[in-house]
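An overview of the molecular structure
Residues per chain are reported as follows:
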Amino acid sequence: MNLNSLLERFGLQEGRLTETVNILFTMLVVSLIGWVAYVAAKKLLPRLVRRIAGTTRHQWSEWLLDQRFFNRLALLFMPIVLRAGLSPIQWKHMPTINRLLDIWIVVASALLASAFLGGINRVYEKMANVRDKPVKIITQVIAVVIWCAVVLIIISIFTHESLAVLLGGLTAFAAVLMLVFQDPILGFVAGIQLSSNNMVRLGDWIVMPSRGVDGEVREIGLTTVKVQNWDKTITTIPTHKLVSESFTNWRGMEESGGRRIKRSVNIDVASIHYLSDEELATLGASQLLHRYMEKKLAVLASYNANRASDLDERRLTNIGTFREYMEQWIENNPDIHQGMTHMVRQLQPGPTGLPIEIYCFSARQSWIDYENVQSDLFDHIYAVMPLFNLRAFQYSGEVAVPEN
């Protein structure tokens, strides 16, 4: 059996076989060129860009153009080379191949754009003046638009319909699209409100009891906000919930330079009394109370000069002197922020005694330092109270057993 009979058996002619071999050989050569372009873009371009960027002060290439960017750029170079090299070929299957290459180019372009947007996020994270802005929301919205456009273009390539016709047909599905993309749309609107109103930024400490949130904002995305709680758990909140629901942002406290201390100690009412001469002498020796007691005793002596009855006289009390002492102690405490409100006041007495509230601001804001300052303050209060012959109220611990 000769070659011609064999070709006829498979329905091929010698001239057509030659044409097919030429087509296959051309496709092989173009594929090799495309592969070389892929390798060059993946391996050589990163070295070239890093060498150029190395001569500049800013390491923008490491932030914006990482290896993933060049991998996706290589995926785009290869189909472009194939599309350009195979376009002159006249073959009945070329329209299908060209459509597949066009889809490859579109998807690779979208992947490249996504990698570039990721690089923009990294750049903003490195920039101190803008890294607390929710830039990721904007880049995610752009990514969603890009991928929606990719889907439309792929449909247009397969159906041979123009994009204008496809967009016109989508108006009938607008309600469905609104339902499908409800969270991204709400998140985008919420992101604009959060950014424009400066409601929350990366690194803010927020508290949201309805969602079990008490920690630091780690990520602000298009649909979710990630918060790392102080117990190291991660809570995810829908972005639009930060606009529709209330939460507490502690940023104001951090920027103010102080952190509030607002606690009270209950005084046993039975221990409150006028100061005796012995107590006046003891307390008057205090540097914090010396000037106050001199001035106060002079005012009281002048007031009581013409008072015959003890009921009409004014006298110093141990509770009042104790409040003044604590005021002076707070004013002389370097751990208390002196530029912010501080006072020692009485609250409404009740079954547990008379509350004396300490209201001031710690100059140290970090959690551990703040707790130490607050503890030292009340350690001193409980330790110094007996010198004023005051007692802290506490239950005796006796529990009445009901009779049967």
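Quick summary incoming for the structure in this document. Just so it is clear, the model here is predicted, and its values are computed rather than measured.

About the cut-offs
Residues numbered from 1 in each chain as written. Predicted model: local features only at pLDDT ≥ 70, side-chain atom pairs only at ≥ 80, totals over all residues. Heavy atoms only, no water. Pairing = 2+ DSSP bridges. Helix = DSSP H or I, 4+ residues; strand = E, 2+ residues; numbered from the N terminus. Phe/Tyr/Trp six-rings, centres within 6.5 Å; stacked < 30°, edge-to-face > 60°. Buried < 20%, exposed > 50% of the residue type's maximum accessible area, 1.4 Å probe, protein only. Lys NZ or Arg CZ within 6 Å of the ring centre and 35° of its normal. Axes fitted to C-alpha atoms, helices over the stretch in contact; angles between N-to-C directions. Parallel < 35°, antiparallel > 145°, perpendicular 65-115°, else oblique. Contact = heavy atoms within 4.5 Å. Nonpolar A, V, L, I, M, F, W, Y, C, P; charged D, E, K, R; others polar. Expected span 1.5 Å × (residues − 1). Arc of directions from axis to C-beta. Polar contact = N/O pair within 3.5 Å; in protein donor to acceptor, adjacent residues only side chain to side chain. Core = buried A, V, L, I, M, F, W, Y, C linked by side-chain atoms within 4.5 Å. Salt bridge = Lys/Arg side-chain N within 4 Å of Asp/Glu carboxyl O.

Moving on: the sheet that holds strand S4 (residues 234–238). Here we have five strands laid out as an open sheet, ordered S4-S3-S2-S1-S5, and antiparallel in their pairing. Taken across any chain shown, the strands that pair with only one partner, and hence form the sheet edges, are S4 and strand S5 (248–249). The pairing of strand S1 (residues 205–208) with strand S2 (residues 213–220) spans four bridges and is classified as antiparallel. Paired with Val-207 across the strands is Asp-214, a residue of S2.

So, on to the packing of aromatic side chains. Following the criterion strictly, the structure yields six aromatic pairs and no others. Centroid distance Trp-205 to Trp-250: 4.5 Å. Interplanar angle 10 degrees. Geometry classified as stacked. On the criterion of sequence distance, the pair formed by Trp-205 in strand S1 and Trp-250 in the loop between S5 and helix H11 (251–256) is long-range, its members being 45 residues apart. Using a relative accessible area of 11% as the deciding quantity, one classes Trp-205 as buried. The exposure class assigned to Trp-250 is partly exposed, which follows from its relative accessible area of 29%. Geometrically, the ring pair formed by Phe-322 and Phe-388 is edge-to-face, given 5.4 Å between the ring centres and 75 degrees between the ring planes. Taken together, the residues span a long stretch of sequence, with Phe-322 in helix H14 (residues 318–331) and Phe-388 in the segment after helix H15 (367–384) at a distance of 66 residues. Of the two residues, Phe-322 and Phe-388, neither departs from the other in class, the shared state being buried. Of the aromatic side chains, those joined through ring pairs into one cluster are Trp-205, Trp-230 and Trp-250. Sitting above the plane of the Trp-250 ring, Arg-259 keeps its charged end 5.9 Å from the centroid. The residue whose ring lies beneath Arg-314 is Tyr-303, and the NZ or CZ to ring-centre distance is 5.0 Å.

So, about the packing of helix H12 (residues 277–284) against helix H13 (residues 290–304). The relative placement of two packed helices is expressed as an angle between their axes plus a distance between the axes. It is the contact of H12 with H13, at a shortest axis distance of 9 Å, that shows an interaxial angle of 140 degrees. On the basis of their axis angle, the class for H12 and H13 is oblique. Contact residues: Leu-280, Leu-283 and Gly-284 in H12; His-290, Met-293 and Leu-297 in H13. Residue composition of the contact of H12 with H13, by class: four nonpolar, two polar and no charged.

Strand order in the open sheet formed by three strands is S6-S8-S7, and the pairing between neighbours is antiparallel. In the strand order of this sheet, the two ends are held by strand S6 (259–267) and strand S7 (343–346), each with one partner. Ignoring strand direction, the axes of neighbouring strands in this sheet form an average angle of 20 degrees. Here H14 sits on the sheet and contacts S6, S7 and strand S8 (354–362); the angle it forms with S7, its principal contact strand, is near 160 degrees.

So, about H13. Helix length check: H13, at 15 residues, gives a terminal C-alpha distance of 21 Å against a target of 21 Å (1.5 Å per residue), a fit within 8%. Looking at H13, one finds that the buried residues are Met-293, Leu-300 and Asn-304. Along the axis of H13, the buried residues cluster in a sector spanning 40 degrees; they form a single face. Exposed side chains of H13 directed beyond 90 degrees from the buried face belong to Arg-291, Lys-295 and Ser-302. Buried residues along H13 sit against H12.

This brings us to the side chain of Gln-228. Looking at where Gln-228 falls in the secondary structure, it is placed in strand S3 (residues 224–229). Judged by relative accessible area, Gln-228 falls into the buried class, the value being 19%. Polar contacts involving the side chain of Gln-228 include one to the side chain of Arg-218, which spans 2.8 Å. With residues up to four places along the chain from it excluded, the contact list for Gln-228 reads Gly-215, Glu-216, Arg-218, Thr-233 and Ile-234.

What follows concerns the nonpolar core. Among the nonpolar cores identified, the biggest contains 30 residues, and Phe-322, Leu-377 and Ile-381 are the most heavily contacted of them. At the level of elements, S6, H13, H14, S8 and H15 are the ones that each hand at least two residues to this core. In this structure, Leu-377 is in contact with Ile-261, Met-326, Trp-329, Ile-330, Ile-358 and Cys-360, ignoring residues within four places of it in sequence. Membership of the second largest hydrophobic core comes to twelve residues, among which are Leu-194, Ile-237, Leu-242 and Phe-247.

For the rest of this paragraph, the subject is the pattern of salt bridges. Within the structure shown, the criterion is met by nine salt bridges. Asp-204 is the salt-bridge partner of Arg-251, the closest N and O atoms lying 2.8 Å from each other. Here Arg-251 is found in helix H11, whereas its partner Asp-204 is found in the loop between helix H9 (182–196) and S1, with 47 residues between them in sequence. Residue Arg-251 shares its accessibility class with Asp-204, and that shared class is buried. Arg-364 is the partner of Asp-335 in a salt bridge, and the nearest nitrogen-oxygen pair spans 3.3 Å. Taken together, the positions of Asp-335 in the loop between H14 and S7 and Arg-364 in the loop between S8 and H15 put the pair 29 residues apart, joining distant regions of the chain. Several salt bridges share partner residues, and in doing so they unite Arg-211, Lys-241 and Glu-245 into one network.

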